[in-house]
Amino acid sequence: MLKDFINSHSNICVLTGAGISTESGIPDYRSEGVGLYARSNRRPVLYRDFCNSADIRRRYWARNYVGWPRFSSIKPNSTHQILKKLEDLNKVRCIVTQNVDNLHTKAGSRKVIELHGTAFRVMCLSCNERICRYYLQEIFDKINPNMTATSQMVRPDGDVDLSQEQVEGFQVPSCENCSGVLKPDIIFFGDNVPRQVVESVRYNIEHSDSLLILGTTLTTFSGYRIALQASHAKKPIAILNIGKTRADDLAEIKVKGRCGDVLARIYSMIDQREECTKC
Ligand SMILES: [Zn+2]
């Protein structure tokens, strides 16, 4: 049982995906029936296209600009909060998240590895300068005085839908340091997870006693690879997800359900005495 899995381990690596953020109001791409892929024909921007096309960057940033006030104000839900409590109980070694929404950090978790980066930071493709996304919003506001940032429909990376005219008139700034191209500090489809992040995850898996996978189908290889590493290292794996995942065969426990509901029930049943880290 998942309750026993959490009770009997005290150095858990947790791997999270879009499925844990849906209850905060961020739609995911792939959940069965309810994911964005299931509901529309929209697909995320590819890394190669973003780098090669000023038009694609303009459209991306225009939507991202309009969606930012809502996206950036989204709050963590009970899953993020329970993971923070499990960290306080010295159960959780680290959280590796595929999400770029910053919700683990907002919930107070301290040991978070952002596998696919974060939408809250912006990088320059030429000089590697990094700036805060809130700061970029101020620049967008200044150079786009006629554009209003309002929208209800937010996508997993903060994107929204806009008309062609709105997109064409949108001004995109370049890097203040070198005039290079600005890109959100997230791993786009077709881009690679930085080596130091991969190494950090590998180290944490090796030194953990188990892997708990929450709210992800592991369709993306960078996430699936973590399940493979844990399996090769003979770490027990538990999965809680709304539907099938790519790692179901590797797990000793698989629970089908919504993370918020199931985790809240389990948390109320587990032993909440703090684990001593010295003995
Ligand atoms: Zn630069």
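Reading the values: rules and limits
- Residues numbered from 1 in each chain as written.
- Predicted model: local features only at pLDDT ≥ 70, side-chain atom pairs only at ≥ 80, totals over all residues.
- Helix = DSSP H or I, 4+ residues; strand = E, 2+ residues; numbered from the N terminus.
- Buried ≥ 20, exposed ≤ 12 C-beta atoms within 10 Å, placed from the backbone.
- Contact = placed C-beta atoms within 7 Å.
- Pairing = 2+ DSSP bridges.
- Axes fitted to C-alpha atoms, helices over the stretch in contact; angles between N-to-C directions.
- Expected span 1.5 Å × (residues − 1).
- Arc of directions from axis to C-beta.
- Core = buried A, V, L, I, M, F, W, Y, C linked by C-beta atoms within 7 Å.
- UniProt positions renumbered as here; feature names shortened; annotations may be inferred.
- Left-handed = near helix turned anticlockwise from the far one by under 90°.
- Nonpolar A, V, L, I, M, F, W, Y, C, P; charged D, E, K, R; others polar.
- pLDDT = per-residue confidence, 0-100.

Participant: Could you give an account of the overall build of the chain, naming the residues involved and the relevant values?
Facilitator: Helix and strand counts for the chain come out as 11 helices and 9 strands. Taking all 279 residues of the chain together, 40% fall into the buried category. For the chain, contacts bridging at least 24 residues in sequence account for 71% of all contacts bridging at least 6.

Participant: If you had to explain the environment of Val14 to someone new, which residues and values would you point to?
Facilitator: Within the fold, Val14 resides in strand S1 (residues 12-16). On a C-alpha basis, the gap between Val14 and Val96 in space is 6.0 Å, while along the polypeptide they are 82 residues apart. With near-sequence residues (within four places) excluded, Val14 lies in contact with Leu83, Val92, Ile95, Leu212 and Leu214.

Participant: Run through the sheet that holds strand S9 (residues 253-256), naming residues and quoting values.
Facilitator: Pairing within the open sheet is parallel, and its 6 strands lie in the order S3-S2-S1-S7-S8-S9. Each of the sheet's edge strands pairs with one partner strand only, and the pair in question is strand S3 (112-114) and S9. Looking at each pair of strands side by side, their axes are set apart by 15° on average, direction ignored. As paired strands, strand S8 (residues 237-241) and S9 are joined by 4 bridges and run parallel to one another. Looking at S9, one finds that Leu240 is bridged to Val255.

Participant: Which residues make up helix H10 (residues 221-232), and what values do they have?
Facilitator: With 12 residues, H10 should reach 16 Å at 1.5 Å per residue; the first-to-last C-alpha distance of 16 Å fits that figure. Each element contacted by the buried residues of H10 is listed here: S1, strand S2 (92-97), helix H9 (195-206), strand S7 (210-214) and S8.

Participant: Quick one: what's the story with the pairing of strand S4 (residues 117-124), residue by residue and with numbers?
Facilitator: Regular strands place side chains that alternate from one sheet face to the opposite one. Here 4 bridges tie S4 to strand S6 (residues 182-186), and the two strands are oriented antiparallel to one another. Bridge pairing in S6 places Val122 opposite Pro184. Sheet analysis places S4 next to strand S5 (residues 130-132), joined by 3 bridges and oriented antiparallel. For Met123, the partnering residue across the bridge sits in S5 and is Arg130. Taking the residues between adjacent antiparallel strands as the criterion, S4 and S5 are bridged by 5 residues, where Asn128 takes a positive phi near 65°.

Participant: Help me get a handle on the sheet that holds S5, residues and values and all.
Facilitator: Read across the open sheet, the 3 strands follow the order S5-S4-S6; overall the sheet is antiparallel. Two strands in the sheet have a free side with no partner beyond their single neighbour: S5 and S6. Averaged over all neighbouring strand pairs, the angle between strand axes comes to 40°, with direction disregarded.

Participant: Tell me about helix H11 (residues 259-269), and please be specific about residues and values.
Facilitator: Among all positions of H11, only Cys259, Gly260 and Leu263 are buried. Along the long axis of H11, the arc covered by the buried residues comes to 85°, so they all point the same way. Facing away from the buried surface of H11 by more than 90 degrees, the exposed residues are Arg265 and Ser268. At its buried positions, H11 is contacted by helix H5 (78-88), S7 and S8.

Participant: Before we move on, can you summarise the nonpolar core with the specific residues and values?
Facilitator: With 36 residues, the main nonpolar core has Val14, Leu211, Ile213, Ala227 and Ile237 as its most contacted residues. Counting residues in each nonpolar core, the second largest holds 14 residues, with Phe50, Val66, Trp68 and Leu136 among its members.

Participant: Please give an account of the UniProt feature "binding site: Zn(2+)" (unreviewed entry) in the chain that cites residues and values.
Facilitator: The UniProt record marks Cys124, Cys127, Cys175 and Cys178 with the feature "binding site: Zn(2+)" (unreviewed entry), using the residue numbering of this structure. Judged by maximum C-alpha separation, these annotated positions cover 55 residues in sequence but sit close together in space, the widest gap being only 8.6 Å. Relative to the helices and strands, Cys124 resides in strand S4. Once residues within four sequence positions are removed from consideration, Cys124 is found in contact with Glu129, Cys175, Asn177, Cys178, Gly180 and Leu182. Tracing the chain through its elements places Cys127 in the loop between S4 and S5. Dropping the residues within four chain positions of it, Cys127 is found in contact with Cys175, Asn177, Cys178 and Gly180.

Participant: A description of the packing of H5 against H11 should follow, citing residues and the corresponding values.
Facilitator: Following both chains from N to C, one finds H5 and H11 inclined at 35°, their axes separated by 9 Å at the closest point. Like other packed secondary-structure pairs, H5 and H11 cross with a definite hand, here left-handed. Where H5 abuts H11, its residues Ser78, Thr79, Ile82 and Lys85 lie against Cys259, Gly260, Leu263, Ala264 and Tyr267. In terms of residue class, the contact of H5 with H11 is made up of 5 nonpolar, 3 polar and 1 charged.

Participant: Go over the confidence of the model for the chain, please, and point to the residues and values.
Facilitator: Confidence in the prediction for the chain averages 89 pLDDT; 86% of positions are at 70 or higher. The low-confidence segment residues 31-40, where pLDDT is below 50, has 17 contacts with residues more than four positions distant or belonging to other chains.

Participant: Tell me about the environment of Leu182, and please be specific about residues and values.
Facilitator: Its place among the elements puts Leu182 in strand S6. Taking the C-alpha atoms as reference points, Leu182 and Arg57, separated by 125 residues in sequence, lie 8.9 Å from one another. The residues contacting Leu182, other than those within four sequence positions of it, are Val122, Cys124, Pro173, Ser174 and Cys175.

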